[in-house]
Amino acid sequence: MIQNGSFSSGAVGWQIYATPDLSYIVSNVTNGVMEFYRVPPPPGESNQAVVFQETGLALAEDAPMTAQFDLGNSSTVRKRISVLILEHDFSDITMCTFTLPANAPLRTYGMRTHSTNAWTNAAIY
């Protein structure tokens, strides 16, 4: 269901988003690994950054879904990550948030969930 999940074609099929604008995310693909980070905002402000893909896949109500992904942290500080599996308009969403330790090597993580209503465009963020 995911296009270019191995990043063998660079970032083809993937989108990036950041607030307040795209200058707040740095991303590239190196040797089949998507590397990205959120640029911290000025003091007193907040922001967010995400890499995502909408699949165009429709799902029935109560459809089971499994996502597997490899994540690592090359930073010297721990990082919080949230993975979202959702209907593209955010009307149905499952989220898993956890912390990656500093200097954590790539490791496989996974999520299992299901739709609670019919979807028209499954996405992963």
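Below you will find a few notes about this structure. (Residues numbered from 1 in each chain as written. Predicted model: local features only at pLDDT ≥ 70, side-chain atom pairs only at ≥ 80, totals over all residues. Heavy atoms only, no water.)

### Considering the pairing of strand β4 (residues 48-54)
Part 1: As judged from the 5 bridges shared by strand β1 (residues 15-19) and β4, these two strands associate in the antiparallel manner. Along β4, the bridge assignment pairs Thr-19 with Gln-48.
Part 2: Across 2 bridges, the pairing between β4 and strand β9 (residues 122-124) is antiparallel. Within β9, the residue paired with Gln-53 across the bridge is Ile-124. (Pairing = 2+ DSSP bridges. Helix = DSSP H or I, 4+ residues; strand = E, 2+ residues; numbered from the N terminus.)

### Quick notes on the packing of aromatic side chains
Part 1: Going through the model one piece at a time under the given rule, you end up with 4 aromatic pairs.
Part 2: Counting every residue linked through ring pairs, the aromatic cluster contains Phe-52, Phe-90 and Tyr-125. (Phe/Tyr/Trp six-rings, centres within 6.5 Å; stacked < 30°, edge-to-face > 60°.)

### Quick look at the pairing of strand β5 (residues 64-73)
Part 1: Judged by which residues are buried, β5 turns out to be one-sided: Met-65, Ala-67, Phe-69, Leu-71 and Asn-73 face inward and are buried, whereas Pro-64, Thr-66, Gln-68, Asp-70 and Gly-72, on the alternate face, are not.
Part 2: Bridge count between β5 and strand β8 (residues 104-114): 9 bridges; the pairing is antiparallel. Bridging from a neighbouring strand, Gln-68 pairs with Gly-110 of β8. (Buried < 20%, exposed > 50% of the residue type's maximum accessible area, 1.4 Å probe, protein only.)

### Re the environment of Thr-99
Part 1: Within the secondary structure, Thr-99 is located in strand β7 (residues 93-100).
Part 2: Accessibility expressed as a relative area gives 41% for Thr-99, which makes it partly exposed.
Part 3: Each C-alpha atom of the pair Thr-99 and Arg-78 lies 6.6 Å from the other, and the pair is 21 residues apart in sequence.
Part 4: Setting aside residues no more than four positions away along its own chain, Thr-99 makes contact with Arg-78, Lys-79 and Arg-80. (Contact = heavy atoms within 4.5 Å.)

### Re the nonpolar core
Side chains that are nonpolar tend, in soluble globular proteins, to be buried together.
Part 1: Counting 23 residues, the largest nonpolar core has Phe-69, Leu-71, Val-83, Ile-85 and Phe-98 as the members making the most contacts within it.
Part 2: Broken down by secondary-structure element, the contributors of at least two residues to this core are β5, β6 (79-87), β7, β8 and β9.
Part 3: Here this core gets 4 residues from one element, more than from any other, and that element is β5.
Part 4: Excluding its chain neighbours within four sequence positions, the residues that come into contact with Ile-85 are Met-65, Ala-67, Asp-92, Ile-93, Thr-94, Met-111, Thr-113, Trp-119, Ala-123 and Ile-124.
Part 5: In terms of nonpolar packing, the next biggest core, distinct from the first, is built from 6 residues, Phe-52, Leu-84, Leu-86 and Tyr-125 among them. (Core = buried A, V, L, I, M, F, W, Y, C linked by side-chain atoms within 4.5 Å.)

### Considerations on the sheet that holds β1
Part 1: One open sheet holds the 5 strands; their spatial order is β1-β4-β9-β6-β7, and the pairing between them is antiparallel. Here the strands that pair on one side only, and so sit at the sheet edges, are β1 and β7. Sheet twist, expressed as the average angle between the axes of neighbouring strands with direction ignored, equals 20°. (Axes fitted to C-alpha atoms, helices over the stretch in contact; angles between N-to-C directions.)

### Thoughts on unusual backbone geometry
Backbone phi values are negative for most residues with the exception of glycine, while trans is the configuration of most peptide bonds.
Part 1: In this structure, Pro-20 follows Thr-19 across a cis peptide bond, with omega equal to 0°.
Part 2: Following the sequence through the fold, Pro-20 ends up in the loop between β1 and β2 (25-30).
Part 3: Positive phi, close to 55°, is recorded for Asn-4, a residue that is not glycine.
Part 4: Take Asn-4: it is sitting in the segment before β1.
Part 5: The phi torsion at Asn-103 lies on the positive side, around 55°, for a residue other than glycine.
Part 6: With respect to the helices and strands, the residue Asn-103 is situated in the loop between β7 and β8.
Part 7: Given a relative accessible area of 51%, Asn-103 falls into the exposed group.

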